[in-house]
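Residue-level structure breakdown
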Amino acid sequence: MSHHERHLGRIRARLCRPALAALVALAVLLFGCGPAALRGKALPAAEAPAPRAVMAPILVHSPFAIATGPDGNLWFTEYQAPYIGRMTPQGDVKRFRIAEKGFAERITAGPDGALWFSDPLGNQIGRITVKGRVSHVTLPNPGCGPAGIAAGRGYIYFSEHSASRIGRLSPGGKLTEFTLPPGSGPGAIAVAPDGGVYFAQDRANRIGRLSTAGKLTEFPIPTPDSVPGGLAVDAAGDVYFTELRAAKIGKLTPDGKIVEFRLPRSDPPLSIAAGLDGNLWVTAPRGHLIYRVSPSGQVSIFGGTESGFAPAFITLGPDGNLYFTEPAGIIGRITTAGKITEFLLSR
């Protein structure tokens, strides 16, 4: 065993178990709207943001959501912490403080060359440039629960989990909100090649779609109480989603049909990303594994034997590999052939 592997093992033994427990609880109970500590509580008014993020030293911390930035690097949020990190495909990391109060939850590359993120504690949508400059747009409805976020057709789209709305924000700050049926609970969100906006409704057990004109269509999931979680759209326009309580992957075709694929293990699938190889890549942190799922439902399993391996959120990287976060201060990379490399985010 190398020195690097021994060091990873010590970090995991110290941090992974409580962090993994929190992550699984979040996935199963509150996938769409941030940490469980916020559930049912009023959110405070947003504070004025700092004009520029401050570089901070890398310590052991818990990376949460992850996205590829327009600069060809990986950008990630931290679990219940006011930081955003940037990692090169080679593993070099920088960390930015983004606010005195509030935190970044989900993150996406925007149409303007910056990264955009949701902040449920601050009740706002944030923006960080690749140089580290930070600004926020405060949302008009207190406690709306901004959660999932995605970019498409020149806009930023985000879900308001507590308010059952979808928000559309221009890079210039113009906000439009679309009201969904009460109790929808929109969480993860993605934009299809045709501009349609898809979102998982974890409370209503449906996948929703908004057209570019704002017309709503809803697709009931065949499995009752499946709790749709992660969402991904492939190049063909098919929408895939994880079912947190059913251990299944759902596929919604452009013509509105849903097909479900049962996974070979019962551990809840959390996050999903479409790979350049035409497959879907799915994390199951409690099962310590990553699934590769073909569009026809054929499944391959990677990991599953190392108890400290806990892949959480996953994204397609700038080099064609898949990158994922782990709660013990690690970002992992998996190739389409299944080779896994881990980068410890500390120094």
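Residues numbered from 1 in each chain as written. Predicted model: local features only at pLDDT ≥ 70, side-chain atom pairs only at ≥ 80, totals over all residues. Heavy atoms only, no water.

Moving on: the overall build of the protein. A tally of regular secondary structure across the protein gives one helix and 29 strands. Counting the 347 residues in the protein, one finds 59% classified as buried. Across the protein, contacts joining residues at least 24 apart in sequence account for 44% of those joining residues at least 6 apart. Summed over all atoms, the accessible surface of the protein reaches about 13,600 Å², with 52% contributed by carbon and sulfur. (Helix = DSSP H or I, 4+ residues; strand = E, 2+ residues; numbered from the N terminus. Buried < 20%, exposed > 50% of the residue type's maximum accessible area, 1.4 Å probe, protein only. Contact = heavy atoms within 4.5 Å. Areas by Shrake-Rupley, 256 points an atom, 1.4 Å probe, with all protein chains shown as cover.)

What follows is about the pattern of salt bridges. Inspection of every chain in the model, using the stated rule, returns seven salt bridges. Across the pair Arg-165 and Glu-160 runs a salt bridge, and its minimum N-O distance is 3.7 Å. Between Asp-194 and Arg-209 there is a salt bridge; the shortest N-O distance is 3.1 Å. Of the two residues, Asp-194 is situated in the loop between strand S14 (186-191) and strand S15 (197-201) and Arg-209 in strand S16 (residues 206-210); the sequence distance between them amounts to 15 residues. Residue classification places Asp-194 among the partly exposed positions, given a relative accessible area of 43%. For Arg-209, a relative accessible area of 18% puts it in the buried group. (Salt bridge = Lys/Arg side-chain N within 4 Å of Asp/Glu carboxyl O.)

So, on to the environment of Gly-237. Note that Gly-237 resides in the loop between strand S18 (228-233) and strand S19 (239-243). With a relative accessible area of 10%, Gly-237 lands in the buried category. Leaving out residues up to four positions away in the same chain, Gly-237 has contacts with Pro-193, Leu-252 and Pro-254.

Pairing within the open sheet is antiparallel, and its four strands lie in the order S6-S7-S8-S9. A single partner strand is all that each edge strand has here, and the edge strands are strand S6 (107-109) and strand S9 (134-138). When strand polarity is set aside, the average angle formed by the axes of neighbouring strands in this sheet is 25 degrees. Direction of pairing for strand S7 (residues 115-119) relative to strand S8 (residues 124-128): antiparallel, over a ladder of five bridges. (Pairing = 2+ DSSP bridges. Axes fitted to C-alpha atoms, helices over the stretch in contact; angles between N-to-C directions.)

Here the focus is the nonpolar core. Ile-84, Met-87, Ile-98, Ile-107 and Ile-128 are the most contacted members of the largest nonpolar core, which totals 26 residues. When residues of this core are traced back to their parent elements, those giving at least two are strand S2 (63-68), strand S3 (74-78), strand S4 (81-87), strand S5 (93-97) and S7. No other element matches the four residues that S2 contributes to this core. With residues near it in sequence (within four places) discarded, Met-87 still touches Asn-73, Leu-74, Phe-76, Asp-92, Val-93, Tyr-323, Ile-331, Phe-343 and Leu-345. One finds Ile-221, Leu-231, Val-239 and Leu-252 within the second-largest nonpolar core, a separate group that totals 14 residues. (Core = buried A, V, L, I, M, F, W, Y, C linked by side-chain atoms within 4.5 Å.)

This part takes up the confidence of the model for the protein. Per-residue pLDDT for the protein averages 85, and the proportion of residues at 70 or more is 82%. Overall, residues 3-8 carries pLDDT values under 50, and its contacts beyond four positions in sequence, including any with other chains, amount to eight contacts. Every residue in residues 24-59 scores below 50 in pLDDT, and together they form 93 contacts with partners more than four places removed in sequence or on other chains. (pLDDT = per-residue confidence, 0-100.)

With that out of the way, let us pick up the sheet that holds strand S12 (residues 165-169). Strands belonging to one sheet form pairs held by backbone hydrogen bonds; the direction of such a pair is parallel or antiparallel. An order of S10-S11-S12-S13 is seen for the four strands of this open sheet, with the pairing classed as antiparallel. Looking at which strands have only one partner, the edges of the open sheet turn out to be strand S10 (146-152) and strand S13 (175-179). For this sheet the average axis-to-axis angle between neighbouring strands, irrespective of direction, equals 20 degrees. In this sheet, S12 lies alongside strand S11 (residues 155-160) in antiparallel orientation, the contact comprising five bridges. The partner of Tyr-157 across the bridge, within S12, is Arg-168.

Bringing unusual backbone geometry into the picture now. Even without being a glycine, Arg-153 presents a positive backbone phi close to 55 degrees. A relative accessible area of 53% places Arg-153 in the exposed class. Here the phi dihedral of His-288 falls at roughly 60 degrees; this positive angle occurs in a residue that is not glycine. Position of His-288 among the secondary structure elements: in the loop between strand S23 (280-284) and strand S24 (289-293). A residue is classified by how much of its surface remains accessible, and His-288, at 17% relative accessible area, is buried.

To continue, consider the environment of Thr-242. In this fold, Thr-242 is placed in strand S19. Accessibility expressed as a relative area gives 0% for Thr-242, which makes it buried. Distance in space between the C-alpha atoms of Thr-242 and Leu-270 is 6.3 Å, their sequence separation being 28 residues. Discounting chain neighbours no more than four positions away, the residues touching Thr-242 are Val-227, Pro-228, Gly-229, Gly-230, Lys-248, Ile-249, Pro-269, Leu-270, Ser-271, Ile-272 and Val-282. Looking at Thr-242, its side chain comes within polar contact range of the main-chain oxygen of Leu-270, at 3.0 Å. (Polar contact = N/O pair within 3.5 Å; in protein donor to acceptor, adjacent residues only side chain to side chain.)

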